[in-house]
Amino acid sequence: MFFRTKPAGSYRYLQIVHSVREGKKVRQQVIATLGRLDLLEASGQLERLMRSGLRHCESFAVIDAHAAGEIQPVAIRRIGPDLVFARLWKESGIPEVLRSVLKARQYEFDVERAIYLTVLHRLFASGSDRAAERWREDYLIPGTEGLELHHLYRAMAFLGDAIEELQKPTGAVRCNKDLIEEALFERRRDLFTEVELVFFDTTSLYFEGRGGESIGQRGHTKDHRPDLKQMIVGMAVDVEGRPICCEMWPGNTADVTTLLPVVKRMRERFRIREITVVADRGMVSQATLEAFENSDPAVRYIVGVRMRRQKEVSISVLGSRARWFESVPERSKAKDPAPLKVKEVWVEDRRYVVCLNEEERRKDAHDREAIVAHLKEQLRNGDKSLVGNKGYRRYLKVEGSGHFVIDEKQVKAEERYDGIWVLRTNTVYNAETVAHVYKALWTVEDIIRTAKSILETRPIYHKCNETIRGHVFCSFLALLLKTELERRMKFADLQCEWAQVLRGLEALQQVEAIFENKRFLLRSQLNGEASAALRAAGVAAPPTLRELP
C-alpha cells in the first residue's frame, strides 16, 4: 500500500493504492482518492493526516517527534569511533597482549581501557592526555567512564617502564612496550611469515618542557626548533606497510649510529634471520654498510647514496654508459604510475642501481632554468642578498673584485643529476625490483609524517622518560589501527580519504531520549565514509531506533 499522484487536466490528485496480482499480471487498485494535492498541502490537511497515522506507528512517531524537537534528550554521544576501532582493537589482539603483560601487576583501574582511550583520542583529536580525559565526555567508549587523568599518566608510565638498559651507542632501553610489540608480531606470524624486507626511517620530536630525565637532548632537529630539547624516534615497517616496532633514543643521537643496533635488536626480538634493510641516504655510513656485510649472516640492504659527495658515484656510476631499461613507461593518464628507467652499474665488487624519472628530469631542468634567469636579473641590482639563499648559492662563484657571477660550469654540471637517484645494494634482486622496493620506502616516510601531523605526537609535555615513551608508543598503536583499517578498505575496494573517514565516524551520534515515559536510542544518519569504514571493519550499524528496557 502506498500513495500515488494521478494527473487530471491541470490538477494532480492524491490517491491511496495497493498492488493486486491477477494471474501473471500485477495491477494497482485504488483504495481511496484523498483530493487535489495542491489543496491538501495548502490547507495542512495532508500533514495532519500523516501525523494522525503516526500515532499507530510508535517508531515513526518517535523519529518525527525528535525531528520536530518535541522529545527530551537525556544524553548525546558520538558512537562512530568506538564502533569501528573497538573491533579492530580486539581483532588485532592488543587487549589480550596487554592482559598477559599486566598479569604480574595489580592496578586498581583498567589499564587496557586507559590505553585504548588514549589511542582512540590520538586517532581523532590528538593532543595531551589531559585533553583525552576531557574529549572522552562526548563519546561512548565502554569501560572508560571511571578513568581519571592520573590513570592515563600511570598507563603511559607502564608502557614505557624500563626492563633493561641496552648497550651504547644509542642509549635506548628495553621496556614494556617492547614486550607488546613482540607479542603482537608473534600473533600474526605463521609458517609462511617471513619479514624479508624492513623499511626504516627516523624523525625528531621536540618537547615543550624538560624532555624527561635523559631522553630529551639538543641535537640536529628536523623540526627546525634548535631552541628545544628533542628525542629521536625510528619506525620499522614491513613490506605490507604494517608498523613492526618503534625505537626511541635521546635527541643527540645521530641517524647513522641507529641502523645497525636496530637491525641487531630486530633479529633478536622477532627471531628474524634473513633481513633486508631499506633506508635513505641520511641513515647510512660506509662503516654501517661494512658492518652489515661482515655480520653473520650478512644483512642485505638497499640504500640511497649521496650522488654529489661521493666521487665514486658522481664519476664512475653516473659516468657509466650502461643501457637504460624502461621499467615504467611515460604516463598516458594523470593517475598512472610515474615513469621509471633503471640501469645496473658495478664498481669492483660494489653494486649500484641508477634510477631515472623522465618527468622529474624535465621538472628539474625547468626549475634550474627559472632560478638562473632570476639570478641574472637579481645580479643587475646587487649580489649581497643572494648569498643566504641555498638554491641560488650553488650556481654562484666569486670573480674579480669579490662580486658574485653565475657559475656556468656548475650549471652545466647539475644537468647530470636531473631526475636521477642512485641506490647501492648487496641483494640478489634484479635492478628493476631494487628500484621499486626503494620507492616503497615512501610508505614509512608517509607513516612518519602521519605520526607527526595527523596523530600529532608532538609536542610532548610529559616530564618522565617512562611516560614519554608510553605517549609515543600510543601513537604507534594508533598507526597499527589506522593501517589495518586502510588495508581492509583497500581490500574491499572502498576508496575514501582518511580525513573524510574520521569526519564521517565523528558525525555518527546516538541520542538517548524520553518519549511518552519511554526511553529510546536514536542513531543519526550514516554518511558514505562512515558506512565504508563500518563495512571494512565488519561492524553492523546500530538500528535507527530502539527502545531501552
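Preceding block: the structure.
(A) Looking closely at the overall build of the protein chain. Helix and strand counts for the protein chain stand at 20 helices and 20 strands. Burial analysis of the protein chain (549 residues in total) assigns 47% to the buried set. The long-range fraction of contacts in the protein chain, counting pairs at least 24 apart against all pairs at least 6 apart in sequence, stands at 65%. With an accessible surface of roughly 29,400 Å², the protein chain has 50% of that area assigned to carbon and sulfur atoms.

(B) Seen up close, the pattern of salt bridges. Overall, the coordinates contain 35 salt bridges when judged by the stated rule. When the shortest N-O distance is used, the salt bridge between R265 and E247 registers 2.7 Å. Taken together, the residues R265 in helix α10 (residues 259-270) and E247 in strand β9 (residues 243-250) connect sequence positions 18 residues apart. For the pair formed by R265 and E247, the shared burial category is buried. Of the charged contacts in the structure, one is a salt bridge between R362 and E330, with a shortest N-O distance of 3.2 Å. Taken together, the residues R362 in helix α13 (residues 358-379) and E330 in the loop between β12 (325-328) and β13 (340-347) connect sequence positions 32 residues apart. The class for R362 is partly exposed, based on a relative accessible area of 40%.

(C) How the structure looks around the sheet that holds β13. If you trace the nine strands from one edge of the open sheet to the other, you get β9-β8-β7-β10-β11-β17-β14-β13-β12, paired in mixed fashion. Only two strands of the sheet have a single partner each, and these edge strands are β9 and β12. Averaged over all adjacent pairs, the angle separating strand axes in this sheet is 25 degrees, with direction ignored. Bridge count for β13 against strand β14 (residues 350-356) is seven bridges, and the pairing is antiparallel. Paired with V342 across the bridge in β14 is C355.

(D) A look at helix α18 (residues 465-491). For α18, which comprises 27 residues, the first-to-last C-alpha distance of 39 Å matches the rise-based estimate of 39 Å (1.5 Å per residue) to within 8%. With 22 of its 27 residues buried, α18 lies for the most part within the structure. D493 lies just past α18 and shows a positive phi near 60 degrees.

(E) Spotlight on the pairing of strand β7 (residues 197-206). Across the 10 residues that make up β7, a large majority, 10, are buried. Because side chains alternate across β7, one face comprises the buried residues L197, F199, D201, T203 and L205, and the other comprises V198, F200, T202, S204 and Y206, equally buried. Note: β7 against strand β10 (residues 276-279), three bridges, orientation parallel. By the bridge assignment for β10, V198 is matched with V277. The pairing of β7 with strand β8 (residues 230-237) spans eight bridges and is classified as antiparallel. Residue pairing for β8: F199 is matched across the bridge by V237.

(F) Here's a closer look at the side chain of T427. Positionally, T427 belongs in the loop between β17 (420-425) and α16 (431-439). There is a polar contact of 2.9 Å between the side chain of T427 and the side chain of T425. Non-local contacts of T427, meaning those with residues more than four positions away in its chain, are made with T276, R300, Y301, I302, R351 and V434.

(G) Examining helix α5 (residues 94-102) more closely. Taken residue by residue, α5 has I94, P95, V97, L98, V101 and L102 as its buried positions. Taken down its axis, α5 places every buried residue within 165 degrees of arc, on the same side. The secondary structure elements touched by the buried residues of α5 are α4 (80-91), α6 (111-124), α8 (149-160), α9 (176-188) and α18.

(H) Molecular detail of the packing of aromatic side chains. Overall, the coordinates contain nine aromatic pairs when judged by the stated rule. Centre to centre, the rings of Y107 and F158 are 6.3 Å apart; their planes meet at 75 degrees, and the pair counts as edge-to-face. Within this pair, whereas Y107 is found in the loop between α5 and α6, its partner F158 is found in helix α8, the two being separated by 51 residues in sequence. Exposure remark for Y107: the relative accessible area of 25% places this residue in the partly exposed category. A residue is classified by how much of its surface remains accessible, and F158, at 1% relative accessible area, is buried.

(I) Broad picture of the environment of V173. Mapped onto the fold, V173 is located in strand β6 (residues 173-175). Between the C-alpha atom of V173 and that of G160, which follows or precedes it by 13 residues, the distance is 9.3 Å.

(J) View of a nonpolar patch on the surface. Together, F3, L34 and L49 line one region of the surface with nonpolar side chains, adding up to about 240 Å² of accessible area. Residue position: L34 is located in strand β3 (residues 25-36).

(K) How the structure looks around the sheet that holds strand β1 (residues 2-8). In spatial order, the strands read β1-β2-β3; together these three strands make up an open sheet with antiparallel pairing. One side of each edge strand has no neighbouring strand; the edge strands of this open sheet are β1 and β3. Direction aside, neighbouring strands of the sheet carry axes that sit 40 degrees apart on average. With 10 bridges connecting them, strand β2 (residues 11-22) and β3 associate as antiparallel partners. Among the inter-strand pairings, H18 is bridged to a residue of β3, identified as Q29.

(L) How the structure looks around the packing of α6 against α18. Viewed as axis vectors pointing N to C, α6 and α18 meet at an angle of 70 degrees, and their least axial separation amounts to 9 Å. The angle between α6 and α18 falls in the class roughly perpendicular. Crossing hand, α6 versus α18: right-handed. Contacts from I115, T118, V119, R122 and L123 in α6 reach H471, C474, S475, L477, A478, L481 and K482 in α18. Of the residues assigned to the contact of α6 with α18, the class counts are seven nonpolar, three polar and two charged.

Parameters at a glance
- Residues numbered from 1 in each chain as written.
- Predicted model: local features only at pLDDT ≥ 70, side-chain atom pairs only at ≥ 80, totals over all residues.
- Heavy atoms only, no water.
- Helix = DSSP H or I, 4+ residues; strand = E, 2+ residues; numbered from the N terminus.
- Buried < 20%, exposed > 50% of the residue type's maximum accessible area, 1.4 Å probe, protein only.
- Contact = heavy atoms within 4.5 Å.
- Areas by Shrake-Rupley, 256 points an atom, 1.4 Å probe, with all protein chains shown as cover.
- Salt bridge = Lys/Arg side-chain N within 4 Å of Asp/Glu carboxyl O.
- Pairing = 2+ DSSP bridges.
- Axes fitted to C-alpha atoms, helices over the stretch in contact; angles between N-to-C directions.
- Expected span 1.5 Å × (residues − 1).
- Polar contact = N/O pair within 3.5 Å; in protein donor to acceptor, adjacent residues only side chain to side chain.
- Arc of directions from axis to C-beta.
- Phe/Tyr/Trp six-rings, centres within 6.5 Å; stacked < 30°, edge-to-face > 60°.
- Patch = residues over 30% accessible without salt bridge, like charges linked within 9 Å, V, L, I, M, F, W, Y side chains within 5 Å.
- Parallel < 35°, antiparallel > 145°, perpendicular 65-115°, else oblique.
- Left-handed = near helix turned anticlockwise from the far one by under 90°.
- Nonpolar A, V, L, I, M, F, W, Y, C, P; charged D, E, K, R; others polar.

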